[in-house]
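Examining the three-dimensional arrangement
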Amino acid sequence: MSNSSYVSTLILNAQLFSSYSTYIEFAIGLIGNIFNILVFTNTKIFHQNRCAFYLVAESIFDIGQLTQNFANTIWALFLNGNDPTTVSLTWCKLRSIFPQWYRLMLSAIVCFAAIDQFLSTHHRPYLRQLSSLTIARYQVYFATGFCLLHTIPAAVFLQISPIFGCIVSSIGLINYYSYAFYPIINGLFPICVSSLFSILAYRNVRHIVRRQIPINRRRLDQQLTAIIFVRVIFYVILQLPFTIYRIYSLNMNIPKGNTIAYAIDRWIQAVVLVLAYLSHAINFYIFLLTSSRYRRQVRHFIMKTYEALAGWCCNDHHRVHPLDATSCRSGAEFE
């Protein structure tokens, strides 16, 4: 096999790996995030809970992030594997605006959830009062608008280069992304903030038994703190490689072509993007593995949905399905 054929094979395999990974992540992510939204909005114990609100908001933006990546992959099929961002300037801009907006929002929400869990589990009452659903909503609404405004420069300075494809044409903006945005604003800062406050919240719940609070509230705080703590760990692990690669790619534009350097770059890009989008697809499954209580809540939600679809009601003891008797008797535990 000639060197050119070998390089072409590497590039093709990178494209196939990226495409198949996108299909799988979109499928499992869509199912998992929809389950998260339904469980957190339909389980009574999560009503008016700030952390649950953050997790629902995150799931919505996760779906948006996975959908735009899936749309780009599907469009590439109609272009015989070519990147749509090198063909359409509009899509070049949108393909950069929406992922950046979603990624900023998801970083903000992860930080908000970690800080809120720290405040809500703190032993000092005045700190617990800083955690409220109203504040949580205002934070998400403000972050949504602010993060969207942040993407405007990308919409202005993104251009299609015949050699490098969809790139930022402003040196100043490249420097900002290289030295401020990716390493700090969307890199080190959210990682440090979310890690710090999730650790502090975890420390709080270890001493929560000393406080005179109802056992159901104590269990809920322990459950949500464990969920947020593990979520932050996976967020850091899966997003860090993308942050490092993005800084590198902004400063090292490799021309398209059948070269070893380009093939290696395509593989690195494929792997880090798969890891980054995996962060948006696996939350539901992380929560299932982390919390036995969440598994029971999901199972109870599925059984309630099944009963509703089948026309059965837990309050009508004459029509209860034998397999659902346990859920009818113990439903309050999950609510």
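No experiment lies behind these values; they were computed from the predicted model shown.

1. Looking at the overall build of the protein
A tally of helices and strands in the protein yields 12 helices and 2 strands. Going residue by residue from the N terminus, the α and β elements of the protein occur as α-α-α-α-α-α-β-β-α-α-α-α-α-α. Partitioning the intrachain contacts of the protein with sequence separation of at least 6 by distance along the chain shows that 76% fall at a separation of at least 24. As displayed, the protein offers around 16900 Å² of accessible surface, 67% of which is attributable to carbon and sulfur atoms.

2. Things to note about the packing of helix α2 (residues 50-78) against helix α3 (residues 89-120)
At their nearest, the axes of α2 and α3 sit 9 Å apart, and the two run at 160 degrees to each other. In terms of orientation, α2 lies roughly antiparallel with respect to α3. Considering the relative orientation of α2 and α3, their crossing is left-handed. Taken together, the residues of the contact of α2 with α3 break down into 17 nonpolar, 7 polar and 6 charged.

3. Section: the state of the cysteines
Per the stated rule, a full pass over the model turns up 1 disulfide. There is a disulfide in this structure between C92 and C166, and the S-S distance comes to 1.9 Å. Between C92 and C166, the S-S torsion sits near 75 degrees, and that sign places the bridge as right-handed. Placement of C92 in helix α3 and of C166 in strand β2 (residues 165-168) is noted, with a sequence separation of 74 residues between them. There is no disulfide at C192, and the cysteine sulfur nearest it, in C111, is 9.6 Å away.

4. A closer look at the pattern of salt bridges
Across all of its chains, the model carries 2 salt bridges by this definition. Ionic pairing is found between R50 and D116, a salt bridge with its closest N-O pair at 3.6 Å. One end of the pair, R50, is in helix α2; the other, D116, is in helix α3, with 66 residues separating them in the sequence. For the residue pair R50 and D116, the accessibility class agrees, reading buried in each case. Between E58 and R231 there is a salt bridge; the shortest N-O distance is 2.7 Å. Residue E58 is located in helix α2, and its partner R231 is located in helix α8 (residues 215-251); the two are separated by 173 residues in the primary sequence. The burial state of E58 is the same as that of R231; both residues are buried.

5. A short note on empty space enclosed by the protein
Under the definition given, this model contains 1 cavity of 30 Å³ or more. Roughly 30 Å³ of internal volume is contained in the largest cavity.

6. Description of the packing of aromatic side chains
This structure, assessed with the given rule, holds 29 aromatic pairs. For the ring pair F17 and W267, a centre distance of 5.5 Å and an interplane angle of 35 degrees mean the geometry is tilted. Of this pair, F17 sits in helix α1 (residues 3-42) while W267 sits in helix α9 (residues 260-281), placing them 250 residues apart in sequence. Residue class for W267 comes out partly exposed when judged on its relative accessible area of 28%.

7. Quick word on the layout of surface pockets
For the second largest pocket, the calculated volume is near 330 Å³. Surrounding the second largest pocket, 16 residues form its lining, L104, A108, F146, C147 and F189 being those nearest its centre. Only α3, α5 (133-150) and α7 (171-206) provide two or more residues apiece to the lining of the second largest pocket. Looking at side-chain class alone, the lining of the second largest pocket contains 13 nonpolar, 3 polar and no charged residues.

8. A short note on the UniProt feature "transmembrane region" (unreviewed entry) in the protein
Per the UniProt annotation, the sites labelled "transmembrane region" (unreviewed entry) are residues 20-40, 140-160, 180-203, 224-247 and 267-289. Along residues 140-160, the helical share is 81% and the strand share 14%, with 33 Å between the first and last C-alpha atoms. The annotated region residues 180-203 carries 100% helix and 0% strand content, and the separation between its end C-alpha atoms amounts to 31 Å.

9. Quick look at a nonpolar patch on the surface
Taken together, the side chains of Y6, I260, I264 and I268 present a nonpolar region at the surface, about 350 Å² in accessible area. Per element, the largest residue contribution to the nonpolar patch is 3 residues, and it comes from α9. One can find I268 in helix α9. Assessed through its relative accessible area of 38%, I268 is described here as partly exposed.

What counts and what doesn't
- Residues numbered from 1 in each chain as written.
- Predicted model: local features only at pLDDT ≥ 70, side-chain atom pairs only at ≥ 80, totals over all residues.
- Heavy atoms only, no water.
- Helix = DSSP H or I, 4+ residues; strand = E, 2+ residues; numbered from the N terminus.
- Contact = heavy atoms within 4.5 Å.
- Areas by Shrake-Rupley, 256 points an atom, 1.4 Å probe, with all protein chains shown as cover.
- Axes fitted to C-alpha atoms, helices over the stretch in contact; angles between N-to-C directions.
- Parallel < 35°, antiparallel > 145°, perpendicular 65-115°, else oblique.
- Left-handed = near helix turned anticlockwise from the far one by under 90°.
- Nonpolar A, V, L, I, M, F, W, Y, C, P; charged D, E, K, R; others polar.
- Disulfide = S-S within 2.5 Å.
- Salt bridge = Lys/Arg side-chain N within 4 Å of Asp/Glu carboxyl O.
- Buried < 20%, exposed > 50% of the residue type's maximum accessible area, 1.4 Å probe, protein only.
- 1 Å grid on protein atoms, 1.4 Å probe; cavity = no way out; pocket = protein on both sides within 12 Å on 5 of 7 lines; lining within 4 Å.
- Points joined across faces, edges and corners; volume = space filled by probe spheres on them.
- Phe/Tyr/Trp six-rings, centres within 6.5 Å; stacked < 30°, edge-to-face > 60°.
- UniProt positions renumbered as here; feature names shortened; annotations may be inferred.
- Patch = residues over 30% accessible without salt bridge, like charges linked within 9 Å, V, L, I, M, F, W, Y side chains within 5 Å.

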